[in-house]
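A structural walkthrough
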Amino acid sequence: MTPELESAYRGRKLAARVAPAASGAAVVLALLPLFAVFAYVASHGARALSLTFFTEPVGVRGAGMANAIFGTIELVVLASAMGIPLGIAAGLYLAEYASTPLARAVRFSADVLAGVPSILVGVVVYAVVVVRMKQFSALAGAAALAVVMLPLVTRTTDELARAVPDSLREAALALGAPRWRTALFVVLRTAAPGIRSGCLLAVARVSGETAPLLFTAYNNRFFNESLLDPTSTLQVQIFTYTMTPNDDWHAQAWAAALVLVTLVIVLNVLARRLVAEEESG
Amino acid sequence: MNDSVDRLRARGARVEAVEASAKMSAAELSAWFGDKQALRSITLPLIERKVTAIIGPSGCGKSTFIRCLNRMHEVVAGARATGDVLLDGKSVYGADVDPVRVRRRVGMVFQKPNPFPTMSVRDNVLAGLRLSGIDPPDTDALVEEVLGQAALWDEVKDALDRPGGALSGGQQQRLCIARCLALEPEVVLMDEPCSSLDPIATAKIEELIHDLRDRYTIVVVTHSMQQAARVSDYTAFFYLGELVEYDHADVIFTKPSDPRTEDYITGRFG
């Protein structure tokens, strides 16, 4: 081996050691905030967690946050029931009729909607729903969350449905399947695993949304009795308690934060597990 | 316009009989992709319960031609066709004709095997019916019969619940043929059905084409002249979007009348 080649090899070997180390360090740096947040929330939150936190509502002595936990879940379920079917239908339309002017307009507005600050969504739902119904309600809160979910679900479905190879669409059409059946039973079914995890990620995303709820679901010290009542949620309850000077309530807010973060992490892990299962199975 | 059918007709009564027994025929069929013309006024009969092979170099319009026969051509954005295609003497391009119905009578097998990956072998076979909104009463018998026709039953009878994509390439292609046959089509179009298969799988498909000709009118697009010679009763040679010559396969491969056909089958170009 010539000396030049040898020195070139030495340089490469050095680079091969430095590059992975550098990117490893970048990974650690990127993960640091995540773990810092979780560790901080866990250490503060765990102290205030107790059984009553999960069993008692806010508005009683020795209170917990049962009503807020229930409210968060209630709103997310309601919002999903509104946002996911609509989003999937819209996304499938976009993918299957991509070249129509309507589809282009819808895709553009979905992208814009995804970029709208979520507090604006809250303001609009306040004006459109809350003012008309003359009260804050779970329904209004769920509607606001559904609007936040909608572009996420729509664009995920759109992307994944367009990734379904045309050969499968042609196979179905050549079998005499009408266009709509092809879309529903071949395209949607083929893209389903990805869409499912996309929906779970959208659910995780809105589980933590606070701003759209401030003037839609508002807050409630007790369990709401109907969907037309104002509803407490963990996120708004955290906001409310943090704004007070009361140490007890601060501790409760930390506990609520811990529960909320755990909920979001569980949803994320679930989404990823689903994808992994679909891919291996 | 080409004159090969006319020339054929000039040879005598045999051709009259040929046209009378046409299951399908193209009449002055032209096709475009946007501004680009892919087919130039093709007139060609497809004889009932016979195998017609379409040969020619890549890009000569073979695939476009058969896609016009079951109205799959128009699925591509910007694609259009003029002229006419007759099925049992009736136009498939009539204003009152639903392409969905045409495709159910004129089945198609694609170049690359395309079983539905999310469906089991069994569901793939039944997919055509289910996608048409039909729930067949005795699915087990139908699946066995159709897979048997496609010479696949013995290989997959214990794997009916495995995903269609888990089969080998040749098995996938026979699964696609079974899926097509389940609809009981009258005509089966095959677009280079063996081009992605190894020689053994190819031999199986060719054997299958042989067996199927008793029941179906078959059109096979191929760029393998050997394959066309082996499987077809009639052969049409396409070149640059035109039909150069059409005749009995043995005539095309032994004494073609057009010098371009002769050049192609003797391997001088293509």
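Definitions and cut-offs
- Residues numbered from 1 in each chain as written.
- Chains lettered and ligands numbered in written order.
- Predicted model: local features only at pLDDT ≥ 70, side-chain atom pairs only at ≥ 80, totals over all residues.
- Heavy atoms only, no water.
- Buried < 20%, exposed > 50% of the residue type's maximum accessible area, 1.4 Å probe, protein only.
- Helix = DSSP H or I, 4+ residues; strand = E, 2+ residues; numbered from the N terminus.
- Pairing = 2+ DSSP bridges.
- Expected span 1.5 Å × (residues − 1).
- Bend = angle between axes of the 7 residues up to and from the residue.
- Phe/Tyr/Trp six-rings, centres within 6.5 Å; stacked < 30°, edge-to-face > 60°.
- Contact = heavy atoms within 4.5 Å.
- Buried area = accessible area lost by both parts, 1.4 Å probe.
- Salt bridge = Lys/Arg side-chain N within 4 Å of Asp/Glu carboxyl O.
- Polar contact = N/O pair within 3.5 Å; in protein donor to acceptor, adjacent residues only side chain to side chain.

With that settled, consider the pairing of strand 9 (residues 234-239) of chain B. Residue and element names in this part refer to chain B. Counting buried residues in strand 9 gives five out of six residues, a clear majority hidden from the surface. Alignment of strand 3 (residues 51-55) against strand 9, held across four bridges, turns out to be parallel. Counted as the bridge partner of A53 is T235 from strand 9. In this sheet, strand 10 (residues 242-248) lies alongside strand 9 in antiparallel orientation, the contact comprising six bridges. Its bridge partner lying in strand 10, T235 is registered against D247.

In this model, helix 8 (residues 179-207) of chain A (29 residues) spans only 36 Å end to end at C-alpha, well below the 42 Å of a helix rising 1.5 Å per residue. The sharpest bend along helix 8 of chain A comes to roughly 60°, located at A192 of chain A, with the proline P193 of chain A sitting one to four residues further on.

What follows is about the packing of aromatic side chains. Residues and elements named next belong to chain A. Applying the stated criterion across every chain, the model contains twelve aromatic pairs over all chains. When the centroid spacing of 4.7 Å and the interplanar angle of 10° are considered together, the rings of Y241 and W249 count as stacked. What makes Y241 buried here is its relative accessible area of 4%. Assessed through its relative accessible area of 34%, W249 is described here as partly exposed. Taken together through their ring pairs, the aromatic side chains of Y126, F136, F215 and Y218 make up a single cluster.

Listed as interface residues are 16 residues of chain A and, on the opposing side, 23 residues of chain B. With both sides pooled, the region where chain A packs onto chain B buries about 1700 Å², and carbon together with sulfur makes up 66% of that total. Three residues, E170, A174 and L175 of chain A, lead the burial of chain A against chain B; their summed loss comes to 36% of the area buried on that side. Where chain A packs against chain B, one counts one salt bridge. One salt bridge in this structure joins R67 of chain B and E170 of chain A, with 2.6 Å as the shortest N-O distance. Where chain A packs against chain B, one counts four residue pairs in polar contact (both at pLDDT 80 or more). Elements supplying a minimum of two residues to the side of chain A that touches chain B: helix 7 (166-174) and helix 8 of chain A. Per-element accounting of the side of chain A that touches chain B gives the leading share, seven residues, to helix 7 of chain A.

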